Amino acid sequence: MSFSSETKEELIRLPLERECCVLAELSALTQTLGSLSLAGGGRLRISWQTENAALARRIYRMLKDRMGLNPHLHFVEHSRLGGRKTCVLTLGEEETPRLLVALRMMEPDEQGVPVLRRTLPRPVITRQCCRRAYVRGAFLGAGSITNPDKAYHLEITARDEGLRDLVEKQLERGGLPARDTLRRGVPVVYLKGAQQIADALALMEAPQAVMRLENIRITRQMRGEANRGRNCDEHNSERQLDAARDQEEAIRLLAIHAGLYTLPPALRQIAEARLEHPELSLEDLGQSLDPPLTKSGTASRLRRLMAEARRLRETLEQQAAEHQT
Ligand SMILES: [Zn+2]
């Protein structure tokens, strides 16, 4: 299971607590997953759609257990999408106005009759507890986290401008400087960096996800330090430097007495790279080539180059000896 799905599972298991928070979370879930439709006679019906059955059950419990409403839950199977199921929760037209008033989408007119004012909830979020619940709802409805093994990135899709502004504002008040951008034409709010992702997970109340993230982060750091350490050892090793000096000398000999152009292209390429970067380890020298070469590939080419130089040196010595006699 992906890091994102595991995090969502953890959040969905959280108990439904205070009334204010249930409303804040439900507002965000309605902004991201909800839609209004006409039920005839000008009456409205509200529904929520998600492929996450556990999330659908959480919304069901909010409506049923916490608000005393009677939503209807059913599944739509998509034969074209590999049999994937969408869960659809619907509230009948008798009960919809009550919920819309609670979500501040409807307001009573002078006669006390509820009138639709806006098509999406406008939650009032003043307390820290509701901020947590709201961000959690937005993430559950439209968010995702990249696997932290690859990158530190969390984003929430926000097609609606009001939703985008509210999500950004709540993250900022939670100490998280969110940014927004367009992804394939759709606005998204996002956070980057391990610390920010960890703080966002903590804000949404997912301590297990924070711990998993910290573990991945430590492993990544250790891997990075091990790599740097190895490069450093190689870089500093006397033998490595001696070998590089020998290579350089051999290449100069070949260049002066035979011309690098007489070498096979693969050897000429490594010879030129070594002259240009006498300080690089085998690994880094290989990486500097285009296309890059493995460490063993680089070592093998340099051995062939040294053999060419040895043959040339023998020939030169022979010629010198013949010249003397
Ligand atoms: Zn609250």
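Computed from a prediction, not measured in an experiment: that's the story for all the values here.

About the criteria used
Counting starts from 1 at the beginning of each chain's written sequence and moves along it residue by residue. Side-chain atom pairs in this predicted model are given and counted only at pLDDT of 80 or more, local residue features only at pLDDT of at least 70, and totals for whole chains, interfaces and linings cover all residues. Helix and strand labels come from DSSP, where a helix needs a run of H or I of at least four residues and a strand needs a run of E of at least two; each type is numbered from the N terminus. C-alpha atoms define the radius of gyration, and 2.2 Å times the number of residues to the power 0.38 defines the globule rule. The burial criterion counts other C-beta atoms lying within 10 Å of a residue's C-beta, which is placed from the backbone; the residue is buried at 20 or more, exposed at 12 or fewer, and partly exposed between these limits. Contacts are defined on C-beta atoms placed from the backbone: any two residues whose C-beta positions lie within 7 Å are in contact. In this entry, domain limits derive from an automatic or database-based domain assignment. Paired strands, in this sense, are two strands between which DSSP finds at least two bridges. Throughout, an axis means a line fitted to C-alpha atoms (over the contacting stretch in the case of helices), and angles, computed between N-to-C directions, take values from 0 to 180 degrees. Orientation is classified from the angle alone, with under 35 degrees giving roughly parallel, over 145 giving roughly antiparallel, 65 to 115 giving roughly perpendicular, and any other angle giving oblique. Helix crossings get a hand from a simple test, with the near helix turned counterclockwise from the far one by less than a right angle marking a left-handed crossing and a clockwise turn marking a right-handed one. Residue type decides the class: Asp, Glu, Lys and Arg count as charged, Ala, Val, Leu, Ile, Met, Phe, Trp, Tyr, Cys and Pro as nonpolar, and the leftover types, Gly among them, as polar. The span one expects for a helix is its residue count, reduced by one, times 1.5 Å.

Draft legend 1. Looking closely at the overall build of the protein chain. Each helix and strand counted, the protein chain has 12 helices and 10 strands in total. Computed over C-alpha atoms, the radius of gyration of the protein chain comes to 33 Å, more than 25% over the 20 Å expected from 2.2 N^0.38 for 325 residues, which places it beyond the range of a compact globule. A principal-axis box enclosing the C-alpha atoms of the protein chain has dimensions of 125 × 40 × 30 Å. Of all 325 residues assigned to the protein chain, the portion counted as buried reaches 30%. At a minimum sequence separation of 6, the contacts of the protein chain that also span at least 24 residues come to 58%.

Draft legend 2. The domain arrangement of the protein chain, seen in detail. The domain architecture assigned to the protein chain consists of domain 1 (3-214) and domain 2 (237-319). For domain 1 and domain 2, the distance between their C-alpha centres works out to 61 Å.

Draft legend 3. Structural context of the pairing of strand 10 (residues 186-192). Note: strand 8 (residues 153-157) against strand 10, five bridges, orientation antiparallel. By the bridge assignment for strand 10, T157 is matched with V188. Sheet analysis places strand 9 (residues 179-183) next to strand 10, joined by five bridges and oriented antiparallel. Residue R179 lies in a different strand from strand 10, and its bridge partner there is Y190.

Draft legend 4. Highlighting the packing of helix 5 (residues 128-142) against helix 6 (residues 161-173). At a closest axis distance of 10 Å, the pairing of helix 5 and helix 6 adopts a crossing angle of 135°. Our classification of the angle between helix 5 and helix 6 gives oblique. Between helix 5 and helix 6 lies a crossing whose hand is left-handed. For the pair helix 5 and helix 6, contact is made by R131, Y134, V135 and A138 and by V167, Q170, L171 and R173, respectively. Split by residue class, the contact of helix 5 with helix 6 holds five nonpolar, one polar and two charged.

Draft legend 5. A look at the environment of R310. Looking at where R310 falls in the secondary structure, it is placed in helix 12 (residues 295-324). Taking the C-alpha atoms as reference points, R310 and L253, 57 residues apart in sequence, are found 9.6 Å from one another.

Draft legend 6. A look at the environment of Q240. With respect to the helices, strands and loops of the structure, Q240 is situated in helix 9 (residues 238-257). A tally of 16 C-beta atoms within 10 Å means that Q240 is categorised as partly exposed. A sequence separation of 40 residues divides Q240 from L280, and the C-alpha atoms of the two residues are 9.4 Å apart.

Draft legend 7. Geometry of the environment of L89. Note on placement: L89 falls in strand 4 (residues 84-91). Separated by 30 residues in sequence, L89 and I59 place their C-alpha atoms 8.3 Å apart. Once residues lying within four places of it in the same chain are set aside, the contact partners of L89 are S47, W48, A56, I59, Y60, P71 and L73.

Draft legend 8. Looking closely at helix 5. For helix 5, built from 15 residues, the straight-helix expectation of 21 Å at 1.5 Å per residue is met to within 8% by its first-to-last C-alpha distance of 21 Å. For helix 5, the tally of buried residues reaches 13 of 15 residues, placing the bulk of the element in the interior.

Draft legend 9. Just the packing of helix 2 (residues 19-33) against helix 5, in detail. Where helix 2 contacts helix 5, the axes come no closer than 7 Å and their chain directions differ by 25°. As far as their axial angle goes, helix 5 and helix 2 are roughly parallel. As helix 2 runs across helix 5, the sense of the crossing is right-handed. Contacts between helix 2 and helix 5 involve C20, C21, A24, E25, L26, S27, A28, L29, T32 and L33 from the first element and C129, C130, A133, Y134, R136, G137, A138, L140, G141 and A142 from the second. Tallied by class, the residues present in the contact of helix 2 with helix 5 amount to 14 nonpolar, four polar and two charged.

Draft legend 10. Looking closely at the sheet that holds strand 3 (residues 72-78). Pairing is antiparallel across the open sheet formed by four strands, whose spatial order is 1-2-4-3. The open sheet has two edge strands with one neighbour each: strand 1 (34-38) and strand 3. Geometrically, the sheet is characterised by an average inter-axis angle of 30° between neighbouring strands, direction not taken into account. In terms of strand pairing, strand 3 meets strand 4 through seven bridges, oriented antiparallel. Within strand 4, the position partnered with H72 by the bridge is T90. Packed onto the sheet, helix 3 (residues 53-67) meets strand 2 (44-50), strand 3 and strand 4 and runs at close to 10° relative to strand 4.

Draft legend 11. Examining helix 3 more closely. With 15 residues, helix 3 extends 20 Å between its outermost C-alpha atoms, agreeing within 8% with the 21 Å of an ideal straight helix rising 1.5 Å per residue. Listed in full, the buried residues belonging to helix 3 are L55, A56, R58, I59 and L63. Buried positions along helix 3 lie against helix 1 (3-13), helix 2, strand 2, strand 3, strand 4 and helix 5.

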